[in-house]
Amino acid sequence: MSETQPSQPLPALTASQRYHFDVYGYVVIENTLTATETEALYQALHELKREILAADDPAKAHVRGAFMDGDFKHTFGFGHIIESMHDFLMYYGHSRLVAMIEEVVGGTVRLSEAEAIINSRDPAKAVEKEPQYGFHRGTKPGFGTHEVNGLFHCTFVKILTNLTELGPDDGGTVVIAGSHKIDAAEADMIALAYDDRSLIHQIVAPAGSTLLFAESLIHATGQIRSDRERTIIIGGYAPTMFQAWNEYEPSTGFIKGLPEHLRPLFSGSKGWEEWQERHRSLGETLTT
Ligand SMILES: O=C(O)CCC(=O)C(=O)O
């Protein structure tokens, strides 16, 4: 445990961004990545897709740790991609993004999931006016959330960055706004959101933008109504003493080969003893 985990600036969100996150459970920060970074990640992900599809059995293949699921026609879901392409390190270790995550977690974090999705509309399926979504959440209010200085924190937070432009018809993530704080039956909240669809917010953003959200927020993949393919890259983070998601623990060889400053973030080596709790108040001004 000799590596240093760099201290990220706090606050990392403006007061308005933080207020939006607290009220709705998410905030979109536009253009967090440059056009060059966005393109590099897009190319790396599509190259990984080609490599996995070239394997004898793509559904069982592991390419430098990464695997793929989905229907392999219109949906390609990638798991544990962190070891597979050098370009992904730039995203998962991106200091501005990590600073935003640490702010809403309330302390230092580790990577717990590195995933991606490439999906497009299945032309054989009709576009529905009022689609049903695969709504879910990864933690619960009370168990995975707390408040300090009147601000909301969650121990499981995701950054989802769209590498292709997301217009209103391009299947951006949908969320049930405000559900991150509601400790009620998920089925009841999903039903009430279908009754009043103004409660379902859909992400629309230029390529290279990041959706930062608490995993206690009920969310799902949106419905693609256009002919455009969507490519997104997703990172899940948790306090340093948490485990990675099942099958997402990085290999020892991979961690050893990393630049020293990235090792604690990707391995969780700071564990319990060196976890640093950090909080802001709403009135503090941005330091990034
Ligand atoms: O595809 C999306 O937009 C949502 C992804 C998702 O549900 C997740 O990361 O848990």
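Everything below is about the structure shown above.
Bear in mind that the values here come from a model prediction, so they are computed numbers and not experimental data.

What counts and how
Residues numbered from 1 in each chain as written. Predicted model: local features only at pLDDT ≥ 70, side-chain atom pairs only at ≥ 80, totals over all residues. Heavy atoms only, no water. Near = heavy atom within 4 Å. Polar contact = N/O pair within 3.5 Å; in protein donor to acceptor, adjacent residues only side chain to side chain. Areas by Shrake-Rupley, 256 points an atom, 1.4 Å probe, with all protein chains shown as cover. Helix = DSSP H or I, 4+ residues; strand = E, 2+ residues; numbered from the N terminus. Nonpolar A, V, L, I, M, F, W, Y, C, P; charged D, E, K, R; others polar. Salt bridge = Lys/Arg side-chain N within 4 Å of Asp/Glu carboxyl O. Buried < 20%, exposed > 50% of the residue type's maximum accessible area, 1.4 Å probe, protein only. Contact = heavy atoms within 4.5 Å. Patch = residues over 30% accessible without salt bridge, like charges linked within 9 Å, V, L, I, M, F, W, Y side chains within 5 Å. Pairing = 2+ DSSP bridges.

> Mind showing me how you'd approach the site of the ligand here?
Neighbouring the ligand are Ile-117, His-136, Lys-158, Leu-160, Thr-173, Glu-215, His-219, Thr-221, Arg-230, Ile-232 and Ile-234. One nitrogen or oxygen atom from the side chain of Thr-221 is found 2.7 Å from an oxygen atom belonging to the ligand. One nitrogen or oxygen atom from the side chain of Arg-230 is found 2.7 Å from an oxygen atom belonging to the ligand. About the coverage of the ligand: the protein hides 93% of its 300 Å² of free accessible area. Counting residues per element, the shell around the ligand draws most heavily on strand E12 (residues 230-239), at three residues. Here the shell around the ligand is composed, by residue class, of four nonpolar, four polar and three charged.

> What is the right way to read the pattern of salt bridges from this model?
Where side chains of opposite charge bring their charged atoms close, a pairing between them can arise. What the rule picks out here adds up to 16 salt bridges. As a salt-bridge pair, Arg-280 and Glu-103 come within 2.8 Å of each other at their nearest N and O atoms. Separated by 177 residues along the polypeptide, Arg-280 in the segment after helix H7 (263-267) and Glu-103 in helix H4 (residues 95-105) bring together distant segments of the chain. According to the relative accessible area criterion, Glu-103 is buried, its value standing at 1%. Several salt bridges share partner residues, and in doing so they unite Arg-18, Asp-22, Glu-103 and Arg-280 into one network.

> Would you explain the side chain of Thr-231 in this entry?
With respect to the helices, strands and loops of the structure, Thr-231 is situated in strand E12. At 3.0 Å, the side chain of Thr-231 forms a polar contact with the side chain of His-46. Excluding residues that lie within four positions of it along the chain, Thr-231 makes contacts with Tyr-42, Leu-45, His-46, Ile-117, Ile-118, Thr-161, Asn-162, Leu-163 and Thr-164.

> Help me understand a nonpolar patch on the surface in this model?
Residues Tyr-19, Val-23, Tyr-24 and Leu-282 make up a contiguous nonpolar surface patch of roughly 340 Å² in combined accessible area. Its location among the elements puts Val-23 in helix H1 (residues 15-24).

> Before we go on, may I ask you to explain the sheet that holds strand E9 (residues 200-202) in this structure?
Within a sheet, neighbouring strands are paired by backbone hydrogen bonds and run either parallel or antiparallel to one another. Sheet architecture is open: three strands sit in the order E9-E8-E11, paired in antiparallel fashion. Here the strands that pair on one side only, and so sit at the sheet edges, are E9 and strand E11 (219-220). With two bridges connecting them, strand E8 (residues 174-176) and E11 associate as antiparallel partners. Bridging from a neighbouring strand, Val-174 pairs with Ala-220 of E11.

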